[in-house]
Amino acid sequence: SRSGENDSDPNNHIDSRRTQQNDSSLKNTKFLSSNPTSTIQEIENHLFSPEVQESIQSLFQSRVVYEGSIHTFPSFRYTFDGFWKNWKRMLTTGISTKKNNNNNNNEKILLFGGDDNYHNATIQFTKLIPQTPIQIAGFEYGLANMAAFLSQVMVDGIYDDTCDELNAQISP
């Protein structure tokens, strides 16, 4: 029978293992479908603390070179309040994927804001200093995600107060 042939086919066995692995991977990525409210609140508490606000506001400075000197000024286009409003929206409601215009795909991608757990890790500053155990709060992964994004947009737009996006698409 066909089922007997498929059972003895080694390639069929490999494909079924791949499917099982993919299914289990999908179950493990369920956290990507939402960010815990408490994690978003932790990010917000951190970002709006007085110590962080002073530094954050300085990120949204544009620059102009005049007579060989660099002068900074608050960006006209980019503000922390505008950034946070949109970042929080991407953490909570997400960005539509619209993979195919023919179907009504309502799937959304959320930015990863972290989780509600503490994670144990070790760091080693130099070879002379032994590894040091640390705890990383789940929301700090969201802050790292934000830092990576902000470093890119600083280079692409905020420094020069432009809204030109980098488009690296290659046309045939």
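Each remark here, short or long, concerns the structure printed above.
Throughout what follows, the structure given in this document is the object of discussion. All of these numbers come straight from a predicted model, not from anything done at the bench.

Rules behind the numbers
Residues numbered from 1 in each chain as written. Predicted model: local features only at pLDDT ≥ 70, side-chain atom pairs only at ≥ 80, totals over all residues. Heavy atoms only, no water. Buried < 20%, exposed > 50% of the residue type's maximum accessible area, 1.4 Å probe, protein only. Helix = DSSP H or I, 4+ residues; strand = E, 2+ residues; numbered from the N terminus. Arc of directions from axis to C-beta. Contact = heavy atoms within 4.5 Å. Core = buried A, V, L, I, M, F, W, Y, C linked by side-chain atoms within 4.5 Å.

1. Re helix α4 (residues 50-59)
Then step 1. Turning to α4, its buried residues are V52, Q53 and I56. The arc enclosing the buried residues of α4, seen along the axis, measures out at 100°, which places them on a common side. Turned more than 90 degrees from where α4 packs its buried face, P50, E51 and E54 sit exposed.
Then step 2. Buried residues belonging to α4 abut α3 (37-47) and α5 (80-92).

2. Describing α3
Then step 1. Along α3, the residues classified as buried are T39, I40, I43, E44 and L47. Down the axis of α3, the buried set is contained in an arc of 140°. They therefore lie on one face.

3. Focus on the nonpolar core
Then step 1. Judged by nonpolar contacts, the single largest core of 17 residues is most densely connected at I43, L47, F80, F83, W84, W87 and M146.
Then step 2. At the level of secondary structure, the elements contributing two or more residues to this core comprise α3, α4, α5 and α6 (139-158).
Then step 3. Tallying contributions element by element places α5 first for this core, with six residues.

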